[in-house]
Each structure stands twice: as structure tokens, then as C-alpha cells.
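# Commentary on secondary and tertiary structure
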Amino acid sequence: MPKTVRKAVFPVAGLGTRFLPATKAMPKEMLPVVDKPLIQYAVEEAQEAGIEEFIFVTGRAKSAIEDHFDHSVELETVLKERGRPESLSQVTDWMPPPGHISYTRQQVPMGLGHAVWCARNFVSDEPFAVLLADDLILARPGCLKQMLEVHQKTGGSMVAIDEVPSQDTDQYGILDVDTDNGQLVSVRGVVEKPHPDKAPSSLAIIGRYILDPIVLTILEHQDKGTGGEIQLTDAIAKTIGVLPVNGFRYQGRRFDCGSKVGYLKANLAYAMDRPEMQEQVQEMLRTFV
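Now for a look at the structure at hand. (Residues numbered from 1 in each chain as written. Predicted model: local features only at pLDDT ≥ 70, side-chain atom pairs only at ≥ 80, totals over all residues. Heavy atoms only, no water.)

### Let's talk about the overall build of the protein
Let me state the cut-off plainly: For helices the rule is a DSSP run of H or I covering at least 4 residues; for strands it is a run of E covering at least 2, with both sets numbered from the N terminus onward. Within these notes, the globule rule equals 2.2 Å times the number of residues to the 0.38 power, and the radius of gyration is based on C-alpha atoms. Remark: exposure states derive from per-residue accessible area (1.4 Å probe, protein chains only) relative to the maximum for the residue type, with buried under 20%, exposed over 50%, and partly exposed in between. Working rule for contacts: check all heavy atoms of both residues, and any pair within 4.5 Å makes them a contact.
Along the backbone of the protein there are eleven helices and 13 strands. Taken against the 2.2 N^0.38 rule, which gives 19 Å for 289 residues, the C-alpha radius of gyration of the protein at 19 Å falls within 12% of a compact globule. Taking the principal axes of the C-alpha coordinates as reference, the protein spans close to 60 × 50 × 40 Å. Evaluated residue by residue, the protein yields a buried proportion of 49% over its 289 residues. Considering only residue pairs separated by 6 or more positions, the protein has 74% of its internal contacts joining residues 24 or more positions apart.

### Brief notes about the packing of helix H10 (residues 260-272) against helix H11 (residues 275-286)
Note the following rule: With axes taken as lines fitted to C-alpha atoms, and helix axes fitted only over the stretch in contact, angles between N-to-C directions fall between 0 and 180 degrees. For classification purposes, an angle smaller than 35 degrees is called roughly parallel, one larger than 145 roughly antiparallel, one from 65 to 115 roughly perpendicular, and anything else oblique. Residue polarity is assigned by list, with Asp, Glu, Lys and Arg as charged and Ala, Val, Leu, Ile, Met, Phe, Trp, Tyr, Cys and Pro as nonpolar; anything else, Gly included, falls into the polar class.
Contact pair H10 / H11: the axes reach a minimum separation of 8 Å and the direction vectors enclose 135°. Considering the angle they form, H10 stands oblique to H11. Contact with H10, carried on its side by Leu268, Ala271 and Met272, involves Met277, Gln278, Val281, Gln282, Met284 and Leu285 of H11 and no other residues of that element. When grouped by side-chain class, the residues that make up the contact of H10 with H11 number seven nonpolar, two polar and no charged.

### Considering the packing of aromatic side chains
The condition that has to hold: In this scheme Phe, Tyr and Trp rings, the latter by its six-membered ring, pair at centre separations within 6.5 Å, and the angle between planes marks the pair as stacked below 30 degrees, edge-to-face above 60, and tilted otherwise. Cation placement over rings: the criterion is NZ of Lys or CZ of Arg within 6 Å of the ring centroid and within 35° of the ring normal.
A full pass over the atoms with the stated rule returns eight aromatic pairs. Ring plane angle 80° and centroid distance 5.5 Å describe the contact between Phe19 and Tyr263, whose orientation is recorded as edge-to-face. Linking Phe19 in the loop between strand E1 (7-11) and strand E2 (32-33) with Tyr263 in helix H10, this pair joins segments that are 244 residues apart in sequence. Overall, Tyr263 belongs to the buried group, its relative accessible area being 13%. Taken together, a centroid distance of 6.3 Å and an interplanar angle of 65° make the contact between Phe255 and Tyr270 edge-to-face. Of this pair, Phe255 sits in strand E13 (residues 253-256) while Tyr270 is found in helix H10, placing the two residues 15 residues apart along the sequence. Here Phe255 matches Tyr270 in class, with each residue buried. Ring pairs connect the aromatic residues Phe10, Phe54, Phe56, Phe69, Trp94 and Tyr103, which therefore count as one cluster. Directly above the ring of Trp117 sits Arg120, whose terminal nitrogen or CZ lies 3.6 Å from the centroid.

### Remarks on the packing of helix H3 (residues 73-81) against helix H4 (residues 85-92)
Under the convention used in this document: Note on convention: near helix rotated counterclockwise from far helix by under a right angle means a left-handed crossing. Clockwise means right-handed.
At a closest axis distance of 8 Å, the pairing of H3 and H4 adopts a crossing angle of 160°. In this view, H3 runs roughly antiparallel relative to H4, as classed from their interaxial angle. Viewed along their axes, H3 and H4 form a crossing whose handedness is left-handed. Contacts between H3 and H4 pair Leu75, Glu76, Leu79 and Lys80 from the former with Ser87, Leu88, Val91 and Thr92 from the latter. Class assignment for the residues of the contact of H3 with H4 results in four nonpolar, two polar and two charged.

If you want it as C-alpha cells, here you go:
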């Protein structure tokens, strides 16, 4: 029986240059979708999946993330004095309990693999999840919970996957498929950002991972790969044959909030998912179409 996954890593050190000037002074992970920042959606997804420890890999100018996951005494006092219990619960009820959040720095931007490796001392020798807040997934149950339920049977490492247009394979880690049973894909290779002419499939890894700790050992000795960065996909590929590596087709809708259009789509989709907003949003959209 595979070990229970209790820890999740959130790489949040990126500069968010595609959203300048909005991200000049605000972390991209704090961009709001309707009324919650991207990073809160990711943490809530992890909480729903049973994650107990939350590890943030940060960089410079990311203090807003730490503040968001801390109590604001002044704000909470004002909300109490004004008799606004619903607003108070919105800023306190979802926070992990004290001592369950850790922060570490990725001082040099050397890629996703390096960011995950920076969390090694907090992860130790346990299997762990990685969630990228840029990939926002509207799903019930959440994507990570779906994955963990299957991972309890398969063990090894698992990545969430999407079918992408063939011309977009150079933007993702792409699976070389061994067997495909629909929900679960057995992986015999992973290629980072291959040219469409050389891509082994159109199944792309998106920002949800469940990883065996052996990946951290490999990352410690790994050379730079595509883009001159230490790639997480390269480390995962090296574990194939040593332990199972599977791609997982989740049930839900993914929004690439690393792009401006994807971010706008996410706001609309999440607003439409709110019963109290749905009618107003539909009416607003009719004025633009």
C-alpha cells in the first residue's frame, strides 16, 4: 500500500512577466479570480484532498502571499466590531492551522525542477504533491483529490494530463505513452517542450503532480535541460522503469491563468459557477455578444 500523501509544494517564485504591469508589485499568484487569489484556490484544492502540510517555494517580493496566509488582526477586529460574521469567516475559515505552513526561498530562478528541489528538507522521504497555481481547475471533487484516490492503488508518480493541440506541444511536457486505458496512461517517456514534428503524443502534463521522493534525489544531481533550466519532467523521466509513472485524465475544466485570455476565461467560468452571480453575468455577456 503506497504511503499517504500529506505534503504539498507550491512553487510561487516566478516573476509573472506576462501580466506586467499588474504584477510589478503583486505576486501573480495573488491575482484574483472573482474574489479569491489563485494561490488560495490551489491551497483549498490541496486541503480538500487531505493535504496536511503546505510548503511554499517563494522568491523576492512575495511577502503578500505570506500575509494572505496569516491573520490580519486589524481587519478581523473591524469585521467583528461591525457585526459581519460572514466576511470574517471568508478571511479566516479556510486558513491552514498554525505550524502547517512552511516557506523556503528559490534564490535563483533555475526552473520548476529546481524550485521543487528547494523544498527537499521539508518534504524529506515522503511522497508529495506539487500544485501550480497558474493552472486553475474547476472540478468537483478537485483534481488533486481525484488523483490521490487512484494513486492509492498505483503508487509511484502521477501527473495530471490534458490533450492539447498538436501545434502547442512545444509549450508543455509531453508524454510518450506505453498503454492507455482512458483515465490512466502508463508512461514510458516524457519529453519537455518538443517541437510538434517530434512530439511523441499530444498528451501534456499540467500543473498537478504526485511525486515519489526519489525525484528529489535525481534533481539534486540533474543538469540543466530545455531553456537552460532544471526541468522537473527530466527528473520524472529518469524514474521510469524504477517505479510506476502514470498520466491521469481528470474530470474538470482547466484554465491557463498564466495567459491573459485564460485568466479572463477563468473569471467568467468561476463567476458563472456561483448561483448568486450567474444571472447577472449572463446578462452582462449578452451586452458584449
